[in-house]
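# Commentary on secondary and tertiary structure
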Amino acid sequence: MARQVEIWNDRAEIASRALLLCQIAYDEAISKDARFTIVAAGGSTPRVLYELLANKEWDWSKVHVFWGDERYVPVSDPQSNEGMTRQAWLNHVAIPESNIHAVPTDATDPAIAAAQYEQHIQEFFGVSAGAFPRFDLILLGMGDDGHTASLFPHTKALKVGDRLVTVGEKDGQPRITMTVPLINQAKEIIFMIEGAAKAKALTAVLAPQGDVNQYPSRLITGNTIWLCDRTAMKPK
């Protein structure tokens, strides 16, 4: 699979570039399939992109939004990725509520919620158990520790290869996350990385060889475009 790394000056430039890539992916998907499936990410860098997407004059009836991971909190919680995405983007466009495919976080057991989200994705794409559908575009960030989505270092979620969705874990708190093979199946994956705190992990993730358990973002080997700011890229 292809990996492309681009270096930009700051968050604004990353968001502007990501916006163009979203437009290209949208145009291609609409022309081929008459619908566009995009997977949103949490974090401060994607939020800037979402604020730009809120001004797009797309045919929102053909746009379907999913999430790559979610904290196990209500949408009203400040930690909710869905809540942030709605505030910055979805509340400002004419997208049908039925096109917003939120991660359930109200089940008594996170494993039940993960199974529910997996089933929902399967039904949406019309795929059978064991098959991995292809999203048009998946947006991802990366933590200072090299995690992406809720695929954290040395956790069980990294090993899940036969499911679309599983339970991740961070400091004892459950998360719902798409699995590595589902993410890698996407037509295009965009990483948005900024800040000097990411430099050590980013160097390790982009290195020719390395430990995927220590730096889980190395597991994402699909068609990726890495949009990084200069402070996140260590001098060679």
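Residues numbered from 1 in each chain as written. Predicted model: local features only at pLDDT ≥ 70, side-chain atom pairs only at ≥ 80, totals over all residues. Heavy atoms only, no water.

By the naming in an unreviewed UniProt entry, the protein goes by 6-phosphogluconolactonase and is assigned to Pseudanabaena galeata UHCC 0370. Check the Function (unreviewed entry) section of the UniProt entry for the protein; it says "Hydrolysis of 6-phosphogluconolactone to 6-phosphogluconate." A UniProt comment under Sequence similarities (unreviewed entry) is attached to the protein, and it reads "Belongs to the glucosamine/galactosamine-6-phosphate isomerase family. 6-phosphogluconolactonase subfamily." (UniProt positions renumbered as here; feature names shortened; annotations may be inferred.)

A separate point is the overall build of the protein. Along the protein, the regular secondary structure elements total six helices and nine strands. For the protein, the C-alpha radius of gyration of 17 Å lies close to 18 Å, the compact-globule estimate for 236 residues. Along the longest, intermediate and shortest principal axes, the C-alpha atoms of the protein span 45 × 40 × 35 Å. Per-residue burial for the protein yields a buried fraction of 54% across its 236 residues. Expressed as a percentage of contacts within the protein between residues at least 6 apart in sequence, the contacts between residues at least 24 apart total 75%. Put simply, the protein shows about 10,500 Å² of open surface, and 50% of that area lies on carbon and sulfur atoms. Charge separation in the protein, taken as the distance between the mean sites of 23 positive and 28 negative side-chain charges, equals 6 Å. (Helix = DSSP H or I, 4+ residues; strand = E, 2+ residues; numbered from the N terminus. Rg over C-alpha atoms; globule rule 2.2 N^0.38 Å. Buried < 20%, exposed > 50% of the residue type's maximum accessible area, 1.4 Å probe, protein only. Contact = heavy atoms within 4.5 Å. Areas by Shrake-Rupley, 256 points an atom, 1.4 Å probe, with all protein chains shown as cover. Lys, Arg positive; Asp, Glu negative; His and termini not counted. Charge placed at Lys NZ, Arg CZ, Asp CG, Glu CD.)

In terms of burial, helix 6 (residues 199–206) is a largely internal element, six of the eight residues being buried. Considered for burial, the residues of helix 6 that qualify are Ala199, Ala201, Leu202, Ala204, Val205 and Leu206.

Turning next to the packing of helix 2 (residues 44–53) against helix 3 (residues 81–88). Remark: helix 2 packs on helix 3, axes separated minimally by 8 Å, with the N-to-C direction vectors making an angle of 35 degrees. Taken together, the residues of helix 3 that come into contact with helix 2 (itself represented by Arg47, Tyr50 and Glu51) are Met84, Thr85, Gln87 and Ala88. A breakdown of the residues in the contact of helix 2 with helix 3 according to their chemical character gives three nonpolar, two polar and two charged. (Axes fitted to C-alpha atoms, helices over the stretch in contact; angles between N-to-C directions. Nonpolar A, V, L, I, M, F, W, Y, C, P; charged D, E, K, R; others polar.)

With that out of the way, let us pick up the nonpolar core. Counting 76 residues, the largest nonpolar core has Tyr50, Trp89, Ile121 and Leu139 as the members making the most contacts within it. Among the elements that take part in this core, helix 1 (residues 11–33) stands out by supplying eight residues, more than any other. Setting aside residues no more than four positions away along its own chain, Trp89 makes contact with Ile38, Tyr50, Leu53, Ala54, Trp60 and Val65. (Core = buried A, V, L, I, M, F, W, Y, C linked by side-chain atoms within 4.5 Å.)

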